[in-house]
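So the chains spell out like this:
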Amino acid sequence: MSTKYVTTKNLSIIKQPNGEILAQSIVNNTKYRFKINQVALDILLLCDGMRSKRDIINHFMNIDNDAAKVTKYVVNFFDLAEKTNYVS
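Residues numbered from 1 in each chain as written. Predicted model: local features only at pLDDT ≥ 70, side-chain atom pairs only at ≥ 80, totals over all residues. Heavy atoms only, no water.

**Q** Explanation requested: the environment of Val 87 in the structure shown.
**A** In this structure, Val 87 sits in the segment after α3 (67-83). Taking relative accessible area as the criterion, Val 87 reaches 2% and is therefore assigned buried. Taking the C-alpha atoms as reference points, Val 87 and Leu 44, separated by 43 residues in sequence, lie 8.6 Å from one another. With sequence-adjacent residues up to four places away left out, Val 87 is seen in contact with Val 6, Thr 7, Thr 8, Lys 9, Leu 44, Cys 47, Phe 78, Ala 81 and Glu 82. (Helix = DSSP H or I, 4+ residues; strand = E, 2+ residues; numbered from the N terminus. Buried < 20%, exposed > 50% of the residue type's maximum accessible area, 1.4 Å probe, protein only. Contact = heavy atoms within 4.5 Å.)

Quick look at the structure:
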């Protein structure tokens, strides 16, 4: 079994002067922008094609060894991001 490394698909990050963080994607020639929070940004920045989901989960477990919190933020993020096709 090979390890799958996580990458973002067609996604740009925009930091606004007011501190708001936006993710931008173009799907079928339509541009979508949506707000993301700092946790989502931290996860997306690790989706660089050099890390697996397990690597990213372990990264956050090293920061905060609260499995329930890591599950809530990281695992749920990946579930939603994969359903919407923003990460693979």
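And the narrative resumes.
**Q** In this structure, what is going on with the pairing of strand β4 (residues 30-36)? I would like to understand it.
**A** Every regular strand shows the same layout, with side chains that alternate between the two sheet faces. In this sheet, β4 lies alongside strand β3 (residues 21-27) in antiparallel orientation, the contact comprising seven bridges. Looking across to β4, one finds that Ile 26 is bridged to Lys 31. Where β3 folds back on β4, the antiparallel hairpin that results is connected by two residues, among which Asn 28 adopts a positive phi of roughly 50°. (Pairing = 2+ DSSP bridges.)

**Q** How should the pattern of salt bridges be read in this particular structure?
**A** Think of it this way: side chains of opposite charge can pair up when their charged atoms draw near. Per the counting criterion, the structure on display carries three salt bridges. Note that Glu 20 and Lys 35 form a salt bridge whose closest N and O atoms lie 3.2 Å from each other. Linking Glu 20 in the loop between β2 (11-15) and β3 with Lys 35 in strand β4, this pair joins segments that are 15 residues apart in sequence. On the accessibility criterion, Glu 20 (25% relative accessible area) is partly exposed. The class of Lys 35 is exposed, set by a relative accessible area of 63%. Here Arg 51 makes a salt bridge to Asp 48, at a shortest N to O gap of 2.4 Å. What makes Asp 48 partly exposed here is its relative accessible area of 38%. (Salt bridge = Lys/Arg side-chain N within 4 Å of Asp/Glu carboxyl O.)

**Q** Looking at this structure, how should I read the packing of helix α1 (residues 38-46) against helix α2 (residues 53-63)?
**A** Packed helices, taken two at a time, are described by the angle their axes make and the gap between the axes. Two numbers describe how α1 lies on α2: the axes approach to 10 Å, and their chain directions differ by 135°. The angle between α1 and α2 falls in the class oblique. Between α1 and α2 the crossing geometry is right-handed. Between α1 and α2, the residues in contact are Asp 42, Ile 43 and Leu 46 and Ile 56, His 59 and Phe 60, respectively. Of the residues contributing to the contact of α1 with α2, the split by class is four nonpolar, one polar and one charged. (Axes fitted to C-alpha atoms, helices over the stretch in contact; angles between N-to-C directions. Parallel < 35°, antiparallel > 145°, perpendicular 65-115°, else oblique. Left-handed = near helix turned anticlockwise from the far one by under 90°. Nonpolar A, V, L, I, M, F, W, Y, C, P; charged D, E, K, R; others polar.)

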